[in-house]
Amino acid sequence: MASNRELNTELGRYQTAQQLFSVGARVPIVRELTQLSPWLLRKFYVDTTGEKPSRGPIPSSVEWYLTGINHLQSSLFLQYYQSVQVDEGEVNASYLLLAYQMWRSSWALTQLKSTLSFDRAWWLIKLIRSDLIKGQACRVCRGIYIVGLKRLGTYRCPRCFKSTLNYGPRKKQFDYLPPREKSSNSVSSMAYISSSESSSVS
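The structure contained in this document is the topic of the report that follows.

Cut-offs and rules
Residues numbered from 1 in each chain as written. Predicted model: local features only at pLDDT ≥ 70, side-chain atom pairs only at ≥ 80, totals over all residues. Heavy atoms only, no water. Buried < 20%, exposed > 50% of the residue type's maximum accessible area, 1.4 Å probe, protein only. Helix = DSSP H or I, 4+ residues; strand = E, 2+ residues; numbered from the N terminus. Arc of directions from axis to C-beta. Contact = heavy atoms within 4.5 Å. Core = buried A, V, L, I, M, F, W, Y, C linked by side-chain atoms within 4.5 Å. Axes fitted to C-alpha atoms, helices over the stretch in contact; angles between N-to-C directions. Parallel < 35°, antiparallel > 145°, perpendicular 65-115°, else oblique. Nonpolar A, V, L, I, M, F, W, Y, C, P; charged D, E, K, R; others polar. Phe/Tyr/Trp six-rings, centres within 6.5 Å; stacked < 30°, edge-to-face > 60°. Lys NZ or Arg CZ within 6 Å of the ring centre and 35° of its normal.

**A short note on helix α2 (residues 27-34)**
Working step 1: All buried positions along α2 are accounted for by Val27, Ile29, Val30, Leu33 and Thr34. The buried residues of α2 occupy one face: seen down the axis, they fall within an arc of 160 degrees.
Working step 2: Tucked inside the fold, the buried residues of α2 contact α1 (4-22), α3 (38-49), α5 (93-108) and α6 (118-129).
Working step 3: Phi turns positive one or two residues past the end of α2, at Gln35, with a value near 65 degrees.

**Overview of the nonpolar core**
Working step 1: Among the nonpolar cores identified, the biggest contains 43 residues, and Leu33, Phe77, Leu96 and Phe118 are the most heavily contacted of them.
Working step 2: Going through the elements one at a time, α1, α2, α3, α4 (68-84), α5, α6, β1 (133-137) and β2 (144-148) are the ones with two or more residues in this core.
Working step 3: Ranked by residues supplied to this core, first place goes to α5 with eight residues.
Working step 4: Leu72, Tyr145, Tyr155 and Cys160 belong to the second-largest nonpolar core, a separate cluster that totals nine residues.

**Remarks on the packing of α4 against α6**
Working step 1: Contact geometry for α4 and α6: axes closest at 11 Å, N-to-C directions at 75 degrees. Accordingly, the angle class assigned to the pair α4 and α6 is roughly perpendicular. Taken together, the residues of α6 that come into contact with α4 (itself represented by Ser74, Phe77, Leu78 and Tyr81) are Ala121, Leu124, Ile125 and Ile128.
Working step 2: Per-class residue counts for the contact of α4 with α6 are seven nonpolar, one polar and no charged.

**Examining the packing of aromatic side chains**
Working step 1: Summed over all chains, the structure comprises 10 aromatic pairs.
Working step 2: Seen in terms of ring centroids, Tyr14 and Phe44 are 5.4 Å apart; in terms of plane orientation they differ by 90 degrees. Their pairing is edge-to-face. A residue pair is termed long-range when its members are at least 10 positions apart, and Tyr14 in helix α1 and Phe44 in helix α3 qualify at 30 residues.
Working step 3: Seen from their ring centres, Tyr100 and Phe118 are 5.4 Å apart, and the 85 degrees between their planes marks the pair as edge-to-face. Within this pair, whereas Tyr100 is found in helix α5, its partner Phe118 is found in helix α6, the two being separated by 18 residues in sequence.
Working step 4: Take Phe118: its relative accessible area is 1%, and that puts it in the buried class.
Working step 5: Taken together through their ring pairs, the aromatic side chains of Phe77, Tyr81, Tyr100, Trp103, Trp107 and Phe118 make up a single cluster.
Working step 6: A cation over an aromatic ring shows up here: Arg120 above the ring of Trp64, its NZ or CZ 4.2 Å from the ring centre.

Structure below.
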């Protein structure tokens, strides 16, 4: 007979699975995050959503995260994920859920089309942990952006790069923040950038 602790752990896994399904996570991802049986998860998916689970490969393109509005959405999600993550262990469902819900609420304020599914958000963290892409601070505004390995080093986000072009060589010195002076408002700043710059990068 299972102990109360084991039952509570199993119940917690199913509650997590239900939350993951509610934000659009697919069965293979929920399987990895909860360690529940794929067969039980497929059945639970039908009971929870009233639909059959999606089939086909999980989105796995690296380039998708580096272009246009996808880049802005992914970078904003990464900022939220880094703000809630408290350890460097395995990818945690609780951190992913909280960060994704925060990102979704913030992005909805821009009234722009959402393209970052939960599956892609999960894969983004996997890519970063595998060192295939990186999150790097813009050297001007200090917001965190997704950066390809070829662009590591001194990086300027689209908004700051455009501002530099507008100012030219006479750009005011106080617009630049030294690396040690990280802004405490980087997440809210990213939300503003997402809203104001999306039309120029989409």
